[in-house]
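# Architecture at a glance
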Amino acid sequence: MMDLTQRQWVRHAVTHPIEGFEDMRWKKSGSVRIAFFIVFLLFIGEIFDERLFGFQFGIPYDKTFSIVPYLVKSFVLFGAWVVGNWAVCTLLDGEGTMKNICIYSAYSLVPYIVQLFVNVLLSHVLVSDEVVFINVIRLIGVGWTVILLFSAVRSVHQYSGGKTVFAVILTIAAMLIMLFLLVLFMSLVQQIWIFILSVYTEISYRFRV
Amino acid sequence: MKRSSRLLTLVLSGLLLAAGAVPAHTSADEPYEVYNYDMWGEAIPSQAGYTAGKSVSGRDLGAGPMDGPSDIFCDHEKTFYIADTGNDRIIAADSGLENAVRIYDKFIMPDGSETTLNSPTGIFVSEERDWMYIADNQNSRVLVSDKDGNVVMEVKKPVSEVYDQKRTFLPQKVIADKAGNIYVVLNNITTGAAMFSPDGEFTGFYGANRVQPTAEIISNYIKNIFRSDEKKAGMARSVPSGITGFDIDGDFIFTCSQSSTQTTDTVKKLNAAGKNIFADLELAFGDYRPMYDVSNNKLMQSAIVDIDISDDGSINCLDRTTGRIFQYDEECNLLFIVGTKARQLGGFDTAAAVESVDDKLYVLDSAKDTVTIFEETAFGSIVHEATALYNDGYYEEALDPWYEVLRMDGNYRRAYIGVASALLRKGDYKGAMKYAKLADSPKLYDKAFEAYRREFLRRHFGKIAAGTVILAGAAAVLRYRKKRRTAAADKEEKEE
């Protein structure tokens, strides 16, 4: 039973929100490569959603384009989630390894990504009066992903429902702390860099005179 | 390589020369950079709609130098009246502002005695009665006189319970409507303009500004619920800024308020009941983001000191801080930004009043003591033509002028909107979509796209329906065959 290829596992996990990840765990399946590909698709999808959306729903500011917000919205957030969840759940007797957390979380993002692409396509067919279709699809996509994420955390760590909620809240807190530290660290590096630069300028002026 | 680049320069310079030779007045030779705003509220370079023609001083008029003049008005006979505040007189000049026609410094009262002005700051001439209304500031009165200098009426500080008697009565600007009601702007009154009946009776205040709901005022409002009356009496009251200038256009009175801290109600369009028609529209007048003045280290917050309505309904707002005139069409879309703070022709020191006649703008500077005359450029006239047609609903007739505007200035956003609307009306939906996109207007794009989609579906309905049926059929057949195959496989398995 359940002799599925890695790609079929993605479909199985996504279409079976309750037991899909349990099956995956039982069969020790899931591929890191597919997980990274899914996160990459998330990155592409975020850009499409912002840049290629139909003009009848608003025109994006197109004088400048920065890739950093999209990188943050996909790779950085996902990375923070995986690391945060691993850090929290190691303390909370979770059974998941970093690799498994990464795979399961990535798989549960699929409905959200599908929603992004479907909506971009739909936005070129619908007019703004029919925006409700887009909103409904968005709601379904987000809701599905939330349920899948919950299920993924539950089965990867073998938690009860209540403990999963607790772990998820702690994970979000951990993510915030990590991002805060990251910003702090970056500004510190910047300050040091400016300091080194000004010392260098000072010295170079002294030598010239 | 080198030769081809030289050839290219030659061709380009030839093109430039050709482009420069055709339109007479489209190139910007103003002493400032002409700009306009795009959809994002960012300043972008633009063509000049007006160019400074000449500036006229009191000496040019043959009336001797002016001293801090503060108001200019052009009546229905195209005679200009300038309130020469420092010299206590009114100068009347001909329509070309070449010679003074008459200088009013003495008036004859109804009882035969003579009276003089003391710092007149406002002048208005009514078309219906042919009377002059003079805001005689330091004499605390509004003088109404005919054009021969015979005083008809004197409006003084009203004796009324509504008017706080402790306050002075210093008229700043004055206008009169068709019925003869007189409106007076007073510089110490924040409850609106004082309104007088045609025979000079005080009837109340008109068109007060609202208080801007800042965080401090809202928190005070909530605190006031719990405060005692004694405490409330000791608090600083929040009052709106007073009206600075106004103009009348048909049945509507436009007011402006010069306040560097307040942004609500800087420009209002009041109906006869005193209700502001612009109140619920989200409009911004003056610069969106105040310019930072590096040499004086301060923000140049817009202070709109005077307003004037052109014959075609355009609204001209004069900003004293930046010396700019912001011209809007009757729907309050920004058309042009004219003027600057400079010593050259076309720049101002302390701009005090603006007046428009036909296609010219007249700006009075009370520090330079001159009137600067701005003439409409070719670009300006074509924009005005297109705007007038567009605002009257003649979208298709406005199409060619809009194309002409775009030829002169590809940054002019209103032109893209105009072209898109016209093409939409004409039924060229694809073109309308293209121009709506260029105009950054999602609303127009939506309309054009909806029409385009409807037409597309109607034209290709047969193909779409056939395609759907074929696809559905193919899917059904495939599914059926797959089912049969798995069923057969299951059967085999069982048999084994």
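Scoring rules and cut-offs
- Residues numbered from 1 in each chain as written.
- Chains lettered and ligands numbered in written order.
- Predicted model: local features only at pLDDT ≥ 70, side-chain atom pairs only at ≥ 80, totals over all residues.
- Heavy atoms only, no water.
- Helix = DSSP H or I, 4+ residues; strand = E, 2+ residues; numbered from the N terminus.
- Rg over C-alpha atoms; globule rule 2.2 N^0.38 Å.
- Buried < 20%, exposed > 50% of the residue type's maximum accessible area, 1.4 Å probe, protein only.
- Contact = heavy atoms within 4.5 Å.
- Areas by Shrake-Rupley, 256 points an atom, 1.4 Å probe, with all protein chains shown as cover.
- Lys, Arg positive; Asp, Glu negative; His and termini not counted.
- Charge placed at Lys NZ, Arg CZ, Asp CG, Glu CD.
- Phe/Tyr/Trp six-rings, centres within 6.5 Å; stacked < 30°, edge-to-face > 60°.
- Lys NZ or Arg CZ within 6 Å of the ring centre and 35° of its normal.
- Pairing = 2+ DSSP bridges.
- Axes fitted to C-alpha atoms, helices over the stretch in contact; angles between N-to-C directions.
- Expected span 1.5 Å × (residues − 1).
- Bend = angle between axes of the 7 residues up to and from the residue.
- Core = buried A, V, L, I, M, F, W, Y, C linked by side-chain atoms within 4.5 Å.
- Domains from an automatic or database assignment.
- Buried area = accessible area lost by both parts, 1.4 Å probe.
- Salt bridge = Lys/Arg side-chain N within 4 Å of Asp/Glu carboxyl O.
- Polar contact = N/O pair within 3.5 Å; in protein donor to acceptor, adjacent residues only side chain to side chain.
- Nonpolar A, V, L, I, M, F, W, Y, C, P; charged D, E, K, R; others polar.

With that settled, the discussion passes to the overall build of chain A. Within chain A, the secondary structure is distributed over eight helices and zero strands. The N-to-C order of helical and strand elements in chain A reads α-α-α-α-α-α-α-α. For a compact globule of 209 residues, the expected C-alpha radius of gyration is about 17 Å, and chain A comes in at 22 Å, more than 25% above that figure. Structurally, chain A occupies a C-alpha span of about 80 × 50 × 30 Å along its principal axes. Counting only residues that meet the buried cut, chain A has 36% of its 209 residues in that class. Long-range contacts, defined as pairs at least 24 residues apart, comprise 75% of the intrachain contacts of chain A with a sequence gap of at least 6. About 12600 Å² of surface is accessible on chain A, with carbon and sulfur atoms providing 73% of the total. Between the mean site of the 15 positive side-chain charges and the mean site of the 13 negative ones, chain A shows a separation of 9 Å.

Residues and elements named next belong to chain B. Here the structure, examined in full by the defined rule, presents 36 aromatic pairs over all chains. With centroids separated by 6.0 Å and ring planes inclined at 5 degrees, the aromatic side chains of Tyr-104 and Phe-107 adopt a geometry described as stacked. Tyr-104 gets classed as buried once you look at its relative accessible area, which sits at 4%. When the centroid spacing of 5.0 Å and the interplanar angle of 75 degrees are considered together, the rings of Phe-285 and Tyr-328 count as edge-to-face. Taken together, the positions of Phe-285 in the loop between β20 (267-270) and β21 (291-293) and Tyr-328 in strand β25 (residues 324-328) put the pair 43 residues apart, joining distant regions of the chain. Residue class for Tyr-328 comes out buried when judged on its relative accessible area of 3%. When the ring centre of Phe-252 is taken as origin, the NZ or CZ atom of Lys-269, which lies over that ring, is 4.6 Å away.

All names here are of chain B. Spatially, the four strands line up as an open sheet ordered β14-β15-β16-β17, and their pairing is antiparallel. At either margin of the open sheet sits one strand with a lone partner, and together these are β14 (171-176) and β17 (202-206). Within this sheet the neighbouring strands show an average axis-to-axis angle of 25 degrees, counted without direction. Looking at chain direction, strand β16 (residues 193-196) and β17 are connected through four bridges and run antiparallel. Paired with Phe-196 across the two strands is Phe-202, which belongs to β17.

Residues and elements named next belong to chain B. Summarising burial for strand β29 (residues 351-357): seven of the seven residues are buried, a large majority. With six bridges connecting them, β29 and strand β30 (residues 360-365) associate as antiparallel partners. Across the sheet, the residue bridging to Ser-356 is Leu-361, located in β30. Linking two consecutive strands that pair antiparallel, namely β29 and β30, is a turn of two residues; a positive phi of about 50 degrees is found at Asp-358 within it.

Quick look at helix α4 (residues 68-91) of chain A now. Residues and elements named next belong to chain A. With 24 residues, α4 ought to run about 34 Å at 1.5 Å a step, and its terminal C-alpha atoms sit 32 Å apart, in line with that. Of all the bends in α4, the largest measures some 30 degrees and sits at Val-76. Listing the buried residues of α4 in full gives Tyr-70, Ser-74, Phe-78, Ala-80, Trp-81, Val-82, Gly-84, Asn-85, Val-88 and Cys-89. Note on α4: the residue one or two positions beyond its end, Asp-93, has a positive phi of about 60 degrees.

Time to look at helix α5 (residues 399-408) of chain B. Among the residues of α5 of chain B, Leu-399, Pro-401, Trp-402, Val-405, Leu-406 and Met-408 of chain B are the ones counted as buried. Elements in contact with the buried residues of α5 of chain B: α4 (378-391), α6 (413-426) and α7 (429-438) of chain B.

Bringing the environment of Ala-420 of chain B into the picture now. Residues and elements named next belong to chain B. Here Ala-420 shows up in helix α6. Given a relative accessible area of 1%, Ala-420 falls into the buried group. A sequence separation of 13 residues divides Ala-420 from Met-433, and the C-alpha atoms of the two residues are 7.0 Å apart. Apart from the residues within four sequence positions on either side, Ala-420 is in contact with Ala-432, Tyr-435, Ala-436 and Leu-444.

Before going further, it helps to examine the nonpolar core. Residue and element names in this part refer to chain B. Core analysis: the biggest nonpolar cluster contains 49 residues, and Phe-336, Val-363, Phe-374, Trp-402, Val-405 and Tyr-412 have the highest contact counts within it. No other element matches the eight residues that α6 contributes to this core. Here this core spans two domains, since at least three of its residues come from each of domain 1 (28-381) and domain 2 (382-488). Counting residues in hydrophobic clusters, the runner-up holds 44 residues, among them Ile-123, Val-155, Ala-176 and Phe-202.

This part covers the domain arrangement of chain B. Residue and element names in this part refer to chain B. Per the domain assignment, the segments of chain B are domain 1 (28-381) and domain 2 (382-488). Taking only C-alpha atoms, the centre of domain 1 and the centre of domain 2 are 45 Å apart. Facing 23 residues of domain 1, the contacting portion of domain 2 comprises 15 residues. Between domain 1 and domain 2 the total buried area reaches about 1500 Å² when both faces are included, carbon and sulfur atoms providing 53% of it. Among the residues domain 1 hides against domain 2, the three largest losses belong to Met-39, Leu-335 and Phe-379. Together they make up 35% of the total. Summed over the shared surface of domain 1 and domain 2, the number is one salt bridge. Between Asp-329 and Arg-414 there is a salt bridge, with the nearest N and O atoms lying 3.6 Å from each other. At the boundary of domain 1 and domain 2, one finds 17 residue pairs in polar contact (both at pLDDT 80 or more). Where the side of domain 1 that touches domain 2 is concerned, the elements lending two or more residues are β2 (43-45), β26 (334-338) and α4. Here the side of domain 1 that touches domain 2 takes four residues from α4, the largest share from any one element. Its residues assigned to classes, the side of domain 1 that touches domain 2 shows ten nonpolar, eight polar and five charged.

Let us look at the interface of chain B and chain A. When the parts come together, some accessible area is lost, and that loss is often what is quoted as the size of the interface. Each side of the interface is counted separately: chain B has 13 residues, and chain A has 13 residues. Summing both sides of the interface, chain B and chain A together bury roughly 1200 Å²; the carbon and sulfur share of this comes to 58%. Interface area lost by chain B to chain A is led by Trp-40, Asp-446 and Arg-453 of chain B, which between them contribute 40%. Between the two partners, chain B and chain A, sit three salt bridges. A salt bridge links Asp-38 of chain B to Lys-63 of chain A, with the nearest nitrogen and oxygen atoms 2.4 Å apart. If you look at where chain B meets chain A, you find six residue pairs in polar contact (both at pLDDT 80 or more).

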